[in-house]
Amino acid sequence: MTATIADTIYQALSEQIVTGALKAGEKLRQDHIAREFDTSHVPVREALLRLEAHGLAISEPRRGTRVSALNPSEIREVIEMRVALEILALTHGFARITKADLDAAEAARLACDEAEDMATWERCNRAFHRIILTPCQMPRLLASIDDLHIASARHLFANWRHQWRPRIDQDHAAIVQAMQRQDAPAACEILRRHLRRVR
């Protein structure tokens, strides 16, 4: 599937919001964005609507669209929802996991471990979680998890940017090993523990 201009704008802006390059309250001006991406206002409007749908922007009458505020109290809720929904997805997908899925999970795990900056690590981490959960074949569930990952990533960048260091993620390795052994209870328990560490 070919990426549209709206996709490109959405990806660029969402990454800037998640990493904190665009701060909460900052105005997202359609004309400036259209000029920057050398396009009309139509794909810009589409990208801004998607940012709103994912909780990254807020539109106010007569004030335009701004980057949404980050609410520190929501992180507990985000983590608990991720635990519930990711375990649901992993449980439902376990019977459908293929050799290709396992290979992709291993490659994503290694990419995470080799990341030298937080932005690369966060992208690879999100990819790892998406790969192990996709076999559930439940698109609404996966879309909800994607939104939670975005919220989670914003909190990580806001709170852990200065403490982040490259590291080997033992939990990712243990999840892949449990998947290779077809041990669903172990994989789910490691995932639960892994997600709750974020607190």
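Along each chain, residue indices are assigned from 1 in the same order as the chain's sequence is written. Only residues with pLDDT of at least 70 are given local features in this predicted model, and only at 80 or more are side-chain atom pairs given and counted; all residues enter the totals for whole chains, interfaces and linings. Side-chain descriptors were evaluated using all non-hydrogen atoms of the structure, hydrogens and water having been removed beforehand.

As for the packing of aromatic side chains
Link 1 in the chain: Only the six-membered ring of Trp is used, alongside the rings of Phe and Tyr, when aromatic pairs are assigned; centres must lie within 6.5 Å, and planes under 30 degrees apart are stacked while those over 60 apart are edge-to-face, with the rest tilted. Counted under the stated rule, the structure contains one aromatic pair.
Link 2 in the chain: The ring of Tyr10 carries the charged tip of Arg50 above its face, separated from the ring centre by 4.5 Å. Geometrically, a lysine NZ or arginine CZ counts as sitting over a ring once it is within 6 Å of the ring centre and also within 35 degrees of the ring normal.

A word on the pairing of strand β2 (residues 64–67)
Link 1 in the chain: Across four bridges, strand β1 (residues 57–60) lies against β2 in antiparallel orientation. The residue of β2 that forms the bridge with Ile58 is Arg66.
Link 2 in the chain: A pair of strands counts as paired when DSSP detects no fewer than two bridges linking them. Secondary structure elements are taken from DSSP: a helix is a run of H or I of four residues or more, a strand is a run of E of two residues or more, and numbering for both begins at the N terminus. Hairpin remark: β1 followed by β2, antiparallel, with three residues in the connecting loop; positive phi at Arg62, about 65°.

Digging into the side chain of Thr65
Link 1 in the chain: As for its position among the elements, Thr65 is in strand β2.
Link 2 in the chain: Residues within four places of Thr65 in sequence aside, it is in contact with Glu26, Lys27, Leu28, Leu48, Glu52, Ala57, Ile58 and Ser59. The contact definition used throughout considers only heavy atoms, calling two residues in contact when any of these lie within 4.5 Å.

Observations concerning the side chain of Asp113
Link 1 in the chain: You can see Asp113 is positioned in helix α5 (residues 99–114).
Link 2 in the chain: According to the relative accessible area criterion, Asp113 is buried, its value standing at 12%.
Link 3 in the chain: In the analysis that follows, any N or O atom pair within 3.5 Å is treated as a polar contact, provided that within protein one partner can donate a hydrogen and the other can accept it, and provided that, for residues neighboring in sequence, both atoms belong to side chains. Among the polar contacts made by the side chain of Asp113, one reaches the main-chain amide nitrogen of Asp169 at a distance of 2.9 Å.
Link 4 in the chain: Not counting the four nearest positions on each side in its chain, Asp113 is found in contact with Arg167, Ile168 and Asp169. Only protein chains enter the calculation, and the probe is 1.4 Å; a residue is then buried if its accessible area is under 20% of its type maximum, exposed if over 50%, and partly exposed in between.

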